[in-house]
Amino acid sequence: MNTPKKDKANQSVEEIDILEILTYLKAKWKFLSLFLILGVIAGGLVAMWMRPAFKSDILLQVDIKGNKSAMAFGEMGALLDVATPSTAEIELIRSRMVLSQVVENERLCFNAVPINKLDRLIHKEGRLDLDTLKIPKAIVEAKMNVFAVVTKDSSDYDVVDEDGQVILSGCVGETYRHPLAGDSLVITVGSLEAVVGQKFILSAQDRQLALADLLKSLSVSEEGKNSGIIRVSMEHRYADRVSEILNSIGNTYVRQNVEMRSEEAKKTLAFLNEQLPGVKAKLDSAEQKLTAFRHTNGTIDLTGETRVHLEKDVTLQQQLLELEQKKQEALRLFQAEHPTVRTIEQQQQKLRAEIAKQNRAAASLPLVQQEVMSLQEEVEVNNKLYTNLLNNIQQLSVVQAGEVGNVRIVDHAFAPLKPSKPNRKLIFAGCVFAFLLLGCAIVLVRRMTKNGVTSSSELEQTTGIGVYGKLPMLAKGTQNDVRNPFVKANPDDPFAEGVRALRTALEFSIFSDTKKILLVSGLVESVGKSFVSTNLAASFAMSGKKVLLVDMDLRRGHFFKQSQKGLCEMLKTEDYSDKYIVHVTDTFDVLGSGARMVNPGDLLNGRRFVDFLNAYRDKYDLIVLDSPPIFQCSDALLIEKHADYLLCVLKHAAHSMDSIQEAITTFDRSVENPLQKAFVFNKCESHGHGYGYGSYGYYGYSKKY
């Protein structure tokens, strides 16, 4: 058998019924409507408050396969042809080397922000662009603001401080320097578009902060995979400024890329110029030696074999010199142990071996032939080396002068015609939805935080007492009128149907020849106990039974005004006639509480109250005693001794299980033989499952009181 605590735990882990939640929210439509209205107001204000933002982009192409322009110069162009991945180029675009120059060129450190809230709300803000702004350090450190106020014909302005004192007056396009705070205020307004009286707050941002803001607003990405196409996009408040900034980024990046390539050519050109005088001196020396030899020995014709040796030696020497040049270029970039340097050295060793072999083969020639071949070989080798150096120098000079790079601008940025943000409809809908969601959350949280009992089955299993009905909420302000009860005035209302269902359930438990007295009580105030008593008694009377409804709250009567005499006077005078009874209908009578008493215990606990019940027991089929709440005073316990049946009215989700059990224990302790009891839930909220008892359920009612 499950204990009550286990049953409660099992209930807490039940799955959430979505339909029940929706119907519960529907019952709170008035509360949610308030949040809906607030959402509409807030959404409209936020949507109008947001400043527009214009988005544009620029498209760059990076030659990731190599510099075709450099390849056109042959071997020397290959030295400059260094392919760069697009990811590296993206990081270069985002680097401080590029963006710091853009910040300076586009004057992104200077800001002039309009501050009129109404102008912002109706989209009538002006614009002021600054070319120069220097605010004294003392003003910045003191966190004081400097403002520009438009005057005259929107071309003149005044610079004012926080107190409204004019610091200087100026016009667009002029630079002004004014002594201020031990320093000078310097300002140049480049352009001004605003109406007279509009006010701007001026600020000169640190370059690092401006660079960080620019970097944060940039979006740099490669289009496709390994395409070499880079898209740079950003948003800005002004359409023309976003295109200007993006084009500045593109131009700065391309220029620096070209300068980097030109710098490589410049370094190589300097190296070749250093080598040129030495090669020229060697060539002159070799030519002089050959001329002197011919002058001494005359002209000597070389044999065919000697010419072959000469041509081959010249070719090998030239190749050896070219390898030495490549080695020197490689040593500028790598260490001597680098594989590239090692490979060149191995090729040089092979050529030297070939040259040595050629020299051994030439030893068999005549001495004169050997001397002539050696001199001519030296002249031709130095001549070709000198010629190659001149050609390479000319090629590098062209590269440097032509500013050849591996990046170009494909599409320049343009000034967009429409703002990309904000999406005012989306913002409005989002705010409305957020407020509505907040309202739903509050409703559901309030429901979840209610620790009161709501389950009939849980209450019955815990106490062993049946729940005979669930009565819905009525409209707020519904009055308890004993002369015209609600069930009579509104017989088709779901509350009336619930009372009839309760009456039907009680008929099988109460009525007999000896049991006629029904005690209606509750735990605390404001549970609707008197309202239930009145309408239950009226419902019994409407079914044909003669019913007397008695207001037992002698401290604070609820049925009539204080001037209306009733039970208090009847018990004091022991006059049990009908002169104090109000006849509502032929079958329904009401006895008020009468004069208020501070301590009515003596009247209720004495013989006179018993005599009162005996006097009217035979006159009526049912006597309904509407007693005070048990936790408010002890009157209900005194009345219980003389009742035949107890109906305890509980407010839905308002009482804990412990308080209900405590009330039952208190009732049972006050009498020798505990009364037969029943519960009825009042002020229930409709969740789409209906109320009532047995086959007398009803649906779809959501009013409250």
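Residues numbered from 1 in each chain as written. Predicted model: local features only at pLDDT ≥ 70, side-chain atom pairs only at ≥ 80, totals over all residues. Heavy atoms only, no water.

Applying the stated criterion across every chain yields a total of 7 aromatic pairs. Put simply, the rings of Phe609, Phe612, Tyr616 and Tyr620 touch in pairs and so form one group of aromatic residues. Positioned above the aromatic ring of tyrosine 238 is the side chain of arginine 127, whose terminal nitrogen or guanidinium carbon lies 4.0 Å from the ring centre. Above the ring of phenylalanine 147, the side-chain terminus of lysine 199 is found at 4.3 Å from the ring centroid. (Phe/Tyr/Trp six-rings, centres within 6.5 Å; stacked < 30°, edge-to-face > 60°. Lys NZ or Arg CZ within 6 Å of the ring centre and 35° of its normal.)

Hydrogen bonds between backbone groups are what pair the strands of a sheet, and the pairing can be parallel or antiparallel. One open sheet holds the 4 strands; their spatial order is S10-S11-S1-S12, and the pairing between them is antiparallel. Here the strands that pair on one side only, and so sit at the sheet edges, are strand S10 (219–222) and strand S12 (407–411). Strand-to-strand twist of the sheet, defined as the mean angle between neighbouring strand axes without regard to direction, takes the value 25°. One ladder, built from 8 bridges, connects strand S1 (residues 54–62) with strand S11 (residues 229–236); its direction is antiparallel. By the bridge assignment for S11, serine 56 is matched with methionine 234. (Pairing = 2+ DSSP bridges. Helix = DSSP H or I, 4+ residues; strand = E, 2+ residues; numbered from the N terminus. Axes fitted to C-alpha atoms, helices over the stretch in contact; angles between N-to-C directions.)

Judged by how many residues are buried, strand S4 (residues 146–151) sits mostly within the fold: 6 of 6 residues are covered. Burial along S4 is two-sided: the face carrying Val146, Ala148 and Val150 and the face carrying Phe147, Val149 and Thr151 are both buried. The pairing of S4 with strand S9 (residues 199–204) spans 4 bridges and is antiparallel. The partner of valine 149 across the bridge, within S9, is lysine 199. Here 5 bridges tie S4 to strand S5 (residues 156–160), and the two strands are oriented antiparallel to one another. By the bridge assignment for S5, alanine 148 is matched with valine 159. Hairpin geometry of S4 and S5 is characterised by an intervening segment of 4 residues between the two adjacent antiparallel strands and by a positive phi of about 55° at lysine 152. (Buried < 20%, exposed > 50% of the residue type's maximum accessible area, 1.4 Å probe, protein only.)

A word on the environment of lysine 199. Within the secondary structure, lysine 199 is located in strand S9. Note on lysine 199: relative accessible area 31%, which makes it partly exposed. Here the alpha-carbon distance between lysine 199 and glycine 126, two residues 73 residues apart in the chain, equals 8.6 Å. Among all residues touching lysine 199, those that are not within four sequence positions of it are Val113, Pro114, Ile115, Phe147, Ala148 and Val149. (Contact = heavy atoms within 4.5 Å.)

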